[in-house]
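A closer look at the structure
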Amino acid sequence: MKNLVIVESPTKSKKIEEFLGADYIVLSSNGHIRDLSKKEMSIDIDNQYEPEYQITEDKHKLVSDLKKAVKEAETVWLASDEDREGEAIAWHLQETLKLDPAKTKRIVFNEITKNAILNAIQNPRGIDMNLVDAQQARRVLDRIVGYEISPILWSKIKPALSAGRVQSVAVRLIVEREEEIKNFVSQSFFRVTSQFLSSNGRMQVHAELGRRFDQQDQAREFMNSLIGCSFKVETIETKPAKRTPAPPFTTSTLQQEASRKLGFSVARTMQIAQQLYENGFITYMRTDSVNLSEVALEMTREEVSHMYGDNYVKTRRFQTKTKGAQEAHEAIRPTDMSMHVITAETPQRRLYELIWKRTIASQMADAEIEKTVVDISITDNHGPKEDKFVCQGEQVRFDGFLKVYMESTDDEDTNEPESTHTLPKLVEGMPLSLVVAQAAEHHTQHPPRYTEASLVKKLEELGIGRPSTYAPTISTILKREYVIKEDREAQPVECTVMVLKDGKVETEQRTEKMGSEKGKLFPTDIGSVVNKFLIEHFANIMDYNFTATVERDFDDIAAGKKEWRKVIDKFYVPFHKNIKQTQQNSQRTSGERLVGVDPKTGKNLYAKIGRYGTLVQLGDTSSEEKPKFASMKKGQSIETITLEEALALFQLPRTVGQFENEDVIVSIGKYGPYVRHKGQFYSLSKNDDPYEITIERCIEIIKIKRQIEDDKIRIQSQFPRELGLFDGDMVFSNIGRYGPYLTHKNKNYKIPKEIDPVTISIEEAQEIILNSSPKKPRGRKKKAE
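Here we summarise the structure given alongside this text. In this text, all values refer to a predicted model and were calculated from it rather than measured experimentally.

Describing the nonpolar core
Counting residues in hydrophobic clusters, the biggest one holds 119 residues, and the most contacted among them are F109, L153, I282 and L351. The element that contributes the greatest number of residues to this core is helix α5 (residues 129–156), accounting for 10 residues. In this structure, F213, M223, F389 and L500 belong to the second largest nonpolar core, which totals 28 residues.

Quick look at the pairing of strand β8 (residues 367–380)
Looking at chain direction, strand β7 (residues 230–243) and β8 are connected through 13 bridges and run antiparallel. Across the sheet, K232 pairs through a bridge with S377, a residue of β8.

Things to note about the sheet that holds strand β16 (residues 593–597)
Taken in spatial order, the 4 strands of this open sheet run β16-β17-β18-β19, and their pairing is antiparallel. Unpaired on one side and paired on the other, β16 and β19 (628–631) mark the two borders of the sheet. Shown here is a sheet whose adjacent strand axes are inclined to one another by a mean of 30°, direction ignored. The pairing of strand β18 (residues 613–618) with β19 spans 4 bridges and is classified as antiparallel. Residue L618 lies in a different strand from β19, and its bridge partner there is K628.

Here's the deal with the packing of aromatic side chains
Scanning all chains against the criterion turns up 13 aromatic pairs. Aromatic side chains F571 and F575 sit 4.9 Å apart centroid to centroid with 20° between the ring planes, which places their arrangement in the stacked category. Within this pair, F571 and its partner F575 are both found in helix α17 (residues 564–585), separated by 4 residues, close to a single helical turn. Put simply, the rings of F538, F546, F571 and F575 touch in pairs and so form one group of aromatic residues. The ring of Y544 has R172 lying over it, and the distance from NZ or CZ to the ring centre is 4.7 Å. One cation-aromatic arrangement involves R177 over Y450; the distance from NZ or CZ to the ring centre is 4.6 Å.

Overview of empty space enclosed by the protein
For the structure on display, the rule yields 2 cavities of 30 Å³ or more. In this model, the second largest cavity occupies a volume close to 50 Å³. If you trace the second largest cavity, you find it lined by S162, A163, Q167, S168, V171, Y482, G527, V530, N531, L534 and M542. Mapped by element, the contributors of at least two residues to the lining of the second largest cavity are α6 (167–183) and α14 (525–537). The leading source of residues in the lining of the second largest cavity is α14, at 4 residues. Split into classes, the residues belonging to the lining of the second largest cavity amount to 6 nonpolar, 5 polar and no charged.

Considering α5
Within an α-helix, residues lying three or four positions from one another point in the same direction, as the helix has 3.6 residues per turn. Taking 1.5 Å as the rise per residue, α5 with 28 residues should run 40 Å; its terminal C-alpha atoms sit 40 Å apart, in good agreement. In terms of burial, α5 is largely enclosed, as 20 of its 28 residues are buried. Residue D128 occupies the N-cap position of α5, its side-chain oxygen lying 3.0 Å from the main-chain nitrogen of N130.

Some details on the packing of α5 against α17
Two numbers describe a pair of packed helices, the interaxial angle and the distance between the axes. Close contact between α5 and α17 brings their axes to 10 Å; oriented N to C, the two are set at 5°. Compared by their axis directions, α5 and α17 come out roughly parallel. Packed against α5, whose contacting residues are D133, Q136, A137, V140, L141, I144, V145, E148, I149, I152, S155 and K156, the element α17 presents W564, I568, F571, Y572, F575, H576, I579, T582 and Q583 at the interface. A class-by-class count of the residues in the contact of α5 with α17 yields 13 nonpolar, 5 polar and 3 charged.

Here's the deal with the sheet that holds strand β2 (residues 24–28)
In space, the 4 strands of this open sheet follow the order β2-β1-β3-β4, with parallel pairing throughout. In this open sheet, the two strands that pair with only one neighbour each are β2 and β4 (104–106). Pairs of neighbouring strands in the sheet enclose a mean axial angle of 25°, with direction left out of account. Where helix α3 (residues 84–96) meets the sheet, its contacts fall on β1 (3–7), β3 (75–78) and β4, and the angle it forms with β4 comes to roughly 175°.

Here we look at the packing of helix α9 (residues 266–278) against helix α13 (residues 470–479)
For the pair α9 and α13, the least separation of the axes is 8 Å and the interaxial angle reads 140°. When the interaxial angle is binned, α9 and α13 end up oblique. The handedness of the crossing between α9 and α13 is left-handed. Across the interface between the two elements, V266, A267 and M270 from α9 touch Y470, A471, I474 and S475 from α13. Tallied by class, the residues present in the contact of α9 with α13 amount to 6 nonpolar, 1 polar and no charged.

What counts and how
Residues numbered from 1 in each chain as written. Predicted model: local features only at pLDDT ≥ 70, side-chain atom pairs only at ≥ 80, totals over all residues. Heavy atoms only, no water. Core = buried A, V, L, I, M, F, W, Y, C linked by side-chain atoms within 4.5 Å. Buried < 20%, exposed > 50% of the residue type's maximum accessible area, 1.4 Å probe, protein only. Helix = DSSP H or I, 4+ residues; strand = E, 2+ residues; numbered from the N terminus. Pairing = 2+ DSSP bridges. Axes fitted to C-alpha atoms, helices over the stretch in contact; angles between N-to-C directions. Phe/Tyr/Trp six-rings, centres within 6.5 Å; stacked < 30°, edge-to-face > 60°. Lys NZ or Arg CZ within 6 Å of the ring centre and 35° of its normal. 1 Å grid on protein atoms, 1.4 Å probe; cavity = no way out; pocket = protein on both sides within 12 Å on 5 of 7 lines; lining within 4 Å. Points joined across faces, edges and corners; volume = space filled by probe spheres on them. Nonpolar A, V, L, I, M, F, W, Y, C, P; charged D, E, K, R; others polar. Expected span 1.5 Å × (residues − 1). Polar contact = N/O pair within 3.5 Å; in protein donor to acceptor, adjacent residues only side chain to side chain. Parallel < 35°, antiparallel > 145°, perpendicular 65-115°, else oblique. Contact = heavy atoms within 4.5 Å. Left-handed = near helix turned anticlockwise from the far one by under 90°.

Set out below in structure tokens:
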């Protein structure tokens, strides 16, 4: 073998293999290599931080296979991704496989196309240790924060919690936005709109009064003053305007736009983008640059000219404004601009089309707009009024990039209605007759909660995180249940509406719905309590500027301006001191809130966080009588639960009836709600409410579980089964704790899911034994003596 190319993933290796000749063998490291190098995680700070590694048998075999291939190769090409993570993987490969630098070459490319691969082969380089060190610093610092703060959260709040340099700041953003919303006081105002007709009755004109009223009396007085007034077009002002296209996608803008236009989560977007990249459809998807290469500019220019004409062409070289952006990288774009659509699954096709349209539009001419503002005067018996109705309209004179694509925006301003449309042909001095005028009450709305897309946008604005961190950060805070993502229905709001028609003003009440939430991020009680604790005891870690400053330090390390160990040392020494002080001096916290007093017993009732989640407590821990506890329902919050709702939680355990002359009792335990009958426990499904479940449903659950157990006993009674002799020994099929398996010569072999262990033949069993590795028996590890 002359050349061995090592990449991270099987999909990438298959694609690259298509472009290289028989002299090249392409293998995948399956992304495991970085987990094998202990050097990655070592820190020389009083030996305080030395994590352990568990190397599985599969990973040992992978390394063994790669080392064997390396020995047979004349040249080894390390072709991991071009970012810092990819550079670190290349270094780990070199270290783990003990590669000879003389026959090892590093190649990078931002698209998996034949030209890009061959160009990379012709221009190899060495491993950039500055990039490796920057990645090392990020991983080490993030693990220091997580590994040292998390145990404090376990002891001070509840088990299984975690903290992270970026994730905790992301939670803080969401918690603080929720606090803004709680403190927001909605104000009502009246907006006056009108509909006019031209004197010939052929043209309708919709307009809005140039000011709004805070009080209903003011609005009513104005509406009455319109009775008997005359109206005419006073002025018409027309101005040209332009709209420019958005730049090509970076990682964050792709995540935001895919969320708005396609409804994809951030993690889903990155998963699909990874597939598109590895199949050669788009350039590398983790980037914060909006640059396009000269080759890409030429391809796009030719495609725009061919499709729409030269007047639609405008070459643009965008400048990246994001803090710490790496300009050497390229924006996300199709590798072949002439490929408008791809043959792929629907999600991949939709995301590709979005990327293609955005790239094409970025190199197209501005849209030319004509904006028109019309003032309509109001005249009564005393002369013209100061107030005027205003109507605005716009007309596209040249569509330019709008022919292909228009960027979406977040729904962050819902107080302002859309007020522009195409206007009829009006002339100054034209008299108008009022058909109807309406003064409608509206309410200011609270600041919008974050969506995944708007959270990514905010993190980027603050310089927190990098393209590779946004998706895992959001996934982590959702998985840890610091934040929940859900829809909430709009709430009805009573509004006053005054209508002037046929010379009379009539007032009516209407019900409008406000405040609907779709795919928004809400902090949980756990998230709020953890956030408060971290801000109190680790203010520097939670500071937005600190997190952004650390990112700049990583950039300086990547540029060779700083030494990574010194950066870590500068952070770790005061941080570890703070850890010790917090562990020793801080008090346990539960976010406890006094809900009220039980009218029957006179005992205080509290809502707080317990070991297994949120709960209510009836009675004080300091009293002689032991307090009672009850778990809170899903959707209930420490901050909002009422006394009545809290008292209702103490209905459990409750007896719902009898079955087979024994009580059927429903309650909630450590592992969730359950039914107890004759000493046996039966778990309730997510759809069963323990407070509402009926005796009929409980009996159904008991019978179903009994049937499952009977079937299980019946099936297990058929095992072990003798299948026949192979290689002089009997082969058995069996069912164990982890599923069906074969036993041959005291070794176990997993039976694939598609094969029935009851009907499996000796021939099928022989094939499984010959083509798979035996599994070691699973059991508890013995403690070292």
